[in-house]
Amino acid sequence: MIRSLLLGLSALAIFAATAQAQDIAADYESWSTDQWRTAAEMDVREAYREYVENHPGMFDAANPGFPAQLEAARDAGLAAAAQAQSRAGYARALAAFSAVLSDGHAVAIGTLNTADDAPRSWPGFAVVARGDRFIVATPDASDPLAGALVTGCNGEAMADFLPGALLLQRFRANEAGQWWSRPSQAFFSIGEVPADAPRECTFRLADGTTQTRTLDWREPSRDERDFYAASVYSAAEPTGLTEPRPGLFLIGLGDFQPDEAGRAAFEQLYADLAARRDELLAARAVVIDMRGNNGGSSGWSQRVAAMLWGEDVLESRAPQGVEIDWRTSPETIAYLGEMASDLRAQGSEWADMAQMAGMAMEQARQQGQPLWRQPGMDGEEATFDAPVASDFTTPVYVINWGLCASACLDANDYFARFANTVRIGAPTSADSTYMEVRRKDLPGGPGYVVIPNKTWVGRPRGWGEVYAADIPMAQADWSTAAFLDRIEADMAGAPR
């Protein structure tokens, strides 16, 4: 792969943008149904306009159907907006728009009331999603529902029920990893309980019998909220290198959007990898833990791969002919200028390159070019007649979770270049070829739009392609100890 300008920089992953969403100043509680409908219609149209004027897909030769797809998204959003009567209806209109695009990097989001004092509701249990198995977790282990499987809700099988119930969670049913992550959200609500939340569900109990129950949605206690979080989101190991068992090393890569402390943790990780590489060469296995990773910058994982296998080794296996096109809209160019300023304030060597890219894009725009092809970095590319052999042949187990996307998928791209890599956990989510997102608030209501600025051309991993798990972890227990037990069993020859 061409080592190109701004390689490894990604301003925002979609989930980071979601986490940082803030309501604009307005007294939404007093809005009438007409105001919500008007706001929904306005913001669907505004999201459509933003993409027409700024999305690289409008001129993507590899995706000529994008303009028509965008029109279909607008029409679906407007149809839902016509029915909007509340904040939830407003959010649903933007979700309907996003669902047609089915791209985690191109979404319009209506923010719900997720403040700490917003009411929470749950039916008294959590649901742990494991593909086509939906396992009940209860605070009381003696509860008859503990370990039961949810087989259907509201009169529908789970496969039919969940896509509609999870519309506001931006569920993409065509991605395998989403079935290992999103379904849990249907059984926990922040703010008002959605109209299509599960009200009556059927369970298959441990003894094989089935039981249908009406769910009692209520506010969970603080302990119950903590139980839900611990059950659904297994704790990832922190950034760093540890040896939890003799000869079994673990690299925590759960955060590719680190703050200052996180960046320091990465620098320590790199130092430890260099200092202990001889131990890693002789280790029983190296485990790379990417639970909790939603994407960010691919540079963090690229450096880890280069330090493990060797930089020339990694480069010699890079796919050829992959390039990047940027949309030359004024807003995209302004975004590059802001990036350059931020990088310069951080003392980053990439600041001048970002500024130069913005200047080149402006020149291309003035020449009437809707896309600008990002050049390679002169003098930093090497030509390899064949893949370079690596001395690092230690078995590597990469832990993936269902929401791995964006730069987390890039990390899998790097690790998958080597035959000693095994993936364990869940299949990943997927992404499109549209990347490098920025966020813009919408004018009508409490919402925002996430806009990709560039597109990969010729990337081997296609649109919507996931990384499957060589060793699926279909059990409810996703603790680090459980993963290490399963990895040791695999090393001992247990069937996958």
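Look a little higher up for the structure.
Reading the values: the criteria
Residues numbered from 1 in each chain as written. Predicted model: local features only at pLDDT ≥ 70, side-chain atom pairs only at ≥ 80, totals over all residues. Heavy atoms only, no water. Buried < 20%, exposed > 50% of the residue type's maximum accessible area, 1.4 Å probe, protein only. Helix = DSSP H or I, 4+ residues; strand = E, 2+ residues; numbered from the N terminus. Pairing = 2+ DSSP bridges. Salt bridge = Lys/Arg side-chain N within 4 Å of Asp/Glu carboxyl O. Disulfide = S-S within 2.5 Å. Contact = heavy atoms within 4.5 Å. Axes fitted to C-alpha atoms, helices over the stretch in contact; angles between N-to-C directions. Polar contact = N/O pair within 3.5 Å; in protein donor to acceptor, adjacent residues only side chain to side chain. Parallel < 35°, antiparallel > 145°, perpendicular 65-115°, else oblique. Left-handed = near helix turned anticlockwise from the far one by under 90°. Nonpolar A, V, L, I, M, F, W, Y, C, P; charged D, E, K, R; others polar. Arc of directions from axis to C-beta.

**Re the pairing of strand S8 (residues 200-204)**
Here's step 1: Going residue by residue along S8, you find Cys-201 and Phe-203 tucked away on one face and Glu-200, Thr-202 and Arg-204 left uncovered on the opposite face.
Here's step 2: Pairing of strand S5 (residues 149-153) with S8 involves four bridges; the strand directions are antiparallel. Bridge pairing in S8 links Gly-152 to Thr-202.
Here's step 3: The sheet contact formed by S8 and strand S9 (residues 210-214) spans five bridges and is antiparallel. Residue pairing across strands places Cys-201 opposite Arg-213, the latter belonging to S9.
Here's step 4: As consecutive antiparallel partners, S8 and S9 are separated by five residues, and within that stretch Gly-208 has a phi angle of approximately 95 degrees, a positive value.

**Notes on the pattern of salt bridges**
Here's step 1: Evaluated as defined, the whole model comprises 31 salt bridges.
Here's step 2: Note that Arg-49 is salt-bridged to Glu-53, the shortest N-O span being 2.5 Å. Here Glu-53 and Arg-49 lie together in helix H2 (residues 33-54), a separation of four residues that amounts to about one turn.
Here's step 3: Classification of Arg-49 by relative accessible area gives partly exposed; the value is 27%.
Here's step 4: Taken together, the salt bridges that share partners define one network made up of Glu-46, Arg-49, Glu-50, Glu-53, Glu-331, Arg-438 and Lys-440.

**Some details on the state of the cysteines**
Here's step 1: Throughout the structure, instances matching the rule amount to two disulfides.
Here's step 2: Through a disulfide, Cys-404 is tied to Cys-408; the S-S separation comes to 2.1 Å. The disulfide joining Cys-404 to Cys-408 has a torsion of about -110 degrees about its S-S bond and is therefore left-handed.
Here's step 3: Here Cys-404 falls in the buried class, since its relative accessible area comes to 0%.
Here's step 4: Cysteine pairing for the protein chain, with bonded cysteines counted in sequence order: 1-2, 3-4.

**Thoughts on the sheet that holds strand S16 (residues 421-425)**
Here's step 1: Read across the sheet, six strands follow the order S10-S11-S12-S15-S16-S19 without closing on themselves; strand pairing throughout is mixed. Edge positions in the open sheet fall to strand S10 (240-245) and strand S19 (471-472), since each of these has one partner strand only.
Here's step 2: Seen against the sheet, helix H7 (residues 260-275) touches S10 and strand S11 (248-252) and runs at an angle of roughly 60 degrees to S10.

**Regarding the side chain of Asn-293**
Here's step 1: Residue placement: Asn-293 occurs in the loop between strand S12 (285-289) and helix H9 (299-309).
Here's step 2: At 2.8 Å, the side chain of Asn-293 and the backbone oxygen of Leu-253 are in polar contact.
Here's step 3: Residues within four places of Asn-293 in sequence aside, it is in contact with Leu-253, Gly-254, Asp-255, Phe-256, Trp-401, Leu-403, Cys-404, Ala-405 and Cys-408.

**Description of the environment of Pro-119**
Here's step 1: Take Pro-119: it is sitting in the loop between strand S1 (107-110) and strand S2 (120-121).
Here's step 2: For the pair formed by Pro-119 and Arg-172, sequence separation is 53 residues and the distance between their alpha carbons is 26 Å.
Here's step 3: Among all residues touching Pro-119, those that are not within four sequence positions of it are Ser-189, Ile-190 and Gly-191.

**What to know about H9**
Here's step 1: Burial runs high along H9: eight of the eleven residues are buried.
Here's step 2: Those residues of H9 that sit buried are Trp-300, Ser-301, Gln-302, Val-304, Ala-305, Ala-306, Leu-308 and Trp-309.
Here's step 3: Gly-310 lies just past H9 and shows a positive phi near 115 degrees.

**Here we look at unusual backbone geometry**
Here's step 1: The phi angle at Asn-154 is positive, at roughly 50 degrees, despite the residue not being glycine.
Here's step 2: By secondary structure assignment, the location of Asn-154 is in the loop between S5 and strand S6 (156-157).
Here's step 3: Judged by its relative accessible area of 33%, Asn-154 falls in the partly exposed class.
Here's step 4: Unusually for a residue other than glycine, Ser-406 sits at a positive phi of about 55 degrees.
Here's step 5: Residue placement: Ser-406 occurs in the loop between strand S15 (396-400) and helix H13 (407-415).
Here's step 6: Residue classification places Ser-406 among the buried residues on the basis of a relative accessible area of 5%.

**Considerations on the side chain of Ser-184**
Here's step 1: Its location among the elements puts Ser-184 in the loop between helix H5 (158-165) and strand S7 (189-190).
Here's step 2: Accessibility expressed as a relative area gives 2% for Ser-184, which makes it buried.
Here's step 3: Sequence-distant contacts of Ser-184, that is, excluding residues within four places in its chain, are made with Val-127, Val-128, Ala-129, Tyr-228 and Val-232.

**Topic: the packing of H2 against helix H4 (residues 87-101)**
Here's step 1: Relative to each other, H2 and H4 sit at 25 degrees, their axes nearing to 8 Å. Here H2 is positioned roughly parallel relative to H4, judged by the angle of their axes. Here H2 runs over H4; the crossing is right-handed. Between H2 and H4, the contacting residues are Trp-36, Ala-39, Ala-40, Asp-43, Val-44, Ala-47, Tyr-48 and Tyr-51 on the first element and Arg-87, Tyr-90, Ala-93, Leu-94, Phe-97 and Leu-101 on the second.

**A few points about the packing of helix H11 (residues 330-345) against helix H12 (residues 351-366)**
Helix packing geometry: the angle between the two helix axes and the distance between the axes.
Here's step 1: Where H11 meets H12, the closest approach of the two axes is 8 Å, and the angle between their N-to-C directions is 165 degrees. Considering their axes alone, H11 and H12 lie roughly antiparallel with respect to each other. H11 and H12 meet at a crossing whose hand is left-handed. Contact residues: Pro-330, Thr-332, Ile-333, Leu-336, Met-339, Ala-340, Leu-343 and Arg-344 in H11; Ala-351, Asp-352, Ala-354, Gln-355, Ala-357, Gly-358, Met-361, Glu-362 and Arg-365 in H12.
Here's step 2: A breakdown of the residues in the contact of H11 with H12 according to their chemical character gives ten nonpolar, three polar and four charged.

**Some remarks on H5**
Here's step 1: Met-158, Phe-161, Leu-162 and Ala-165 are the residues of H5 that are buried. An end-on view of H5 places all buried positions within 95 degrees of arc, on one side of the element. The exposed set on the far side of H5, more than 90 degrees from its buried face, consists of Ala-159 and Asp-160.
Here's step 2: Contacts from the buried residues of H5 go to strand S4 (133-137), S5 and S6.

The values reported here are purely geometric and, on their own, carry no functional implication.
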